[in-house]
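Residues per chain, in single letters:
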Amino acid sequence: MTGNHEQHQQQNAGQESAKHRRDKSVQRRRVLIGGGTAAVIGGLAVAGLASADPLSTQQSTPEAATPGTASASATATTTVCTLNAEVTEGPYSLDGALVRKDIREDKEGVEVQYTFTVVDTGNDCAPLAEALVEIWHCDSLGEYSGFVGGNGHKEEDNGTFLRGGQLTDENGQCSITSIWPGHYVSRAVHVHMRVHTDVTLTDDSYTGGEVIHTGQLFFDQDINTEIQAISPYSDNTTSETLLENDSIYDDGGASSGLLTLTALGSTVSDGYTATLTVGVDSTG
């Protein structure tokens, strides 16, 4: 159950019917955990829906993270496939995301350079090429494009900032640059994600295709606390929910969408890389 802020937006969904995608029911798909130094998600387990029936039980010992330079999320060097629950996409999705590498537009904040690797558990965890990885999240004030005002702030709303996606290459990889999200009432800091297959590209967007994964991504709480305390995030005075109290994140580490972070510089304001291996089942 999401908090008051998301419930408020869901009540307005009828007014946004032309562009607001309906929430999906929870589905279950196979996910990959591990692979090099990448944290992994193929779906998110909501509280009470833990991973089940692992296809492999070999898993490496998590490496300790250096405070301020990397997240405390586990890393793994072996491949483990498990069955996880997915998460409904929430009330802030819009159809027709722009296909672009940099989704920041004019939004200020701590830079995050995402690298996603999509693998197909329905094909022996082989890299999945030409999959569209789409992400969207709020700005430093906790406002989503297309829904500005939901967190109590007035700003220009063009319906596109901090939204977009990229196609994966032959190695199943793509990169997207954005900012660290802000926070809003009732939810820990997070990013929404969808993976599409069989899309047709237009000049700057896409048509058609099928959504084969819907999930959410999360950030190390210690690093996030530092970032939310600096400008422009400190201008957001709404209450923040800690990761441990989030209604979606279930403390499952990488399998719950916790990103692996690597610092780009000596301070948090220098930004981070965020890596993730996304396991999907293209066979449904």
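Residues numbered from 1 in each chain as written. Predicted model: local features only at pLDDT ≥ 70, side-chain atom pairs only at ≥ 80, totals over all residues. Heavy atoms only, no water.

Residue Pro232 is bonded to the preceding Ser231 through a cis peptide linkage, with omega at 5°. Among the structural elements, Pro232 can be located in the loop between helix H2 (221–228) and strand E13 (260–263). Phi at Glu105 is positive, roughly 50°, even though this residue is not glycine. Residue position: Glu105 is located in the loop between strand E3 (80–85) and strand E4 (111–120). The phi torsion at Cys125 lies on the positive side, around 60°, for a residue other than glycine. As for its position among the elements, Cys125 is in the loop between E4 and strand E5 (126–127). (Helix = DSSP H or I, 4+ residues; strand = E, 2+ residues; numbered from the N terminus.)

This next bit is on the side chain of Thr168. Note on placement: Thr168 falls in the loop between strand E7 (163–167) and strand E8 (173–179). Residue Thr168 is classed as buried on the basis of its relative accessible area, which comes to 5%. One polar contact links the side chain of Thr168 to the main-chain amide nitrogen of Glu130, over a distance of 3.0 Å. Apart from residues lying up to four places away in sequence, Thr168 is in contact with Val118, Leu128, Ala129, Glu130, Ala131, Val133, Gln173 and Cys174. (Buried < 20%, exposed > 50% of the residue type's maximum accessible area, 1.4 Å probe, protein only. Polar contact = N/O pair within 3.5 Å; in protein donor to acceptor, adjacent residues only side chain to side chain. Contact = heavy atoms within 4.5 Å.)

Once that is clear, we can look at the sheet that holds strand E9 (residues 190–197). With antiparallel pairing, four strands are arranged side by side in an open sheet as E7-E6-E9-E12. The open sheet has two edge strands, E7 and strand E12 (210–218), and neither has a second partner. Between one strand and the next, the sheet's axes are offset by a mean angle of 20°, whatever the strand orientation. Of the pairings in the sheet, the one linking strand E6 (residues 132–136) to E9 comprises five bridges and is antiparallel in character. Paired with Trp136 across the bridge in E9 is His192. (Pairing = 2+ DSSP bridges. Axes fitted to C-alpha atoms, helices over the stretch in contact; angles between N-to-C directions.)

Read these as layout, nothing more, since geometry by itself doesn't imply function.
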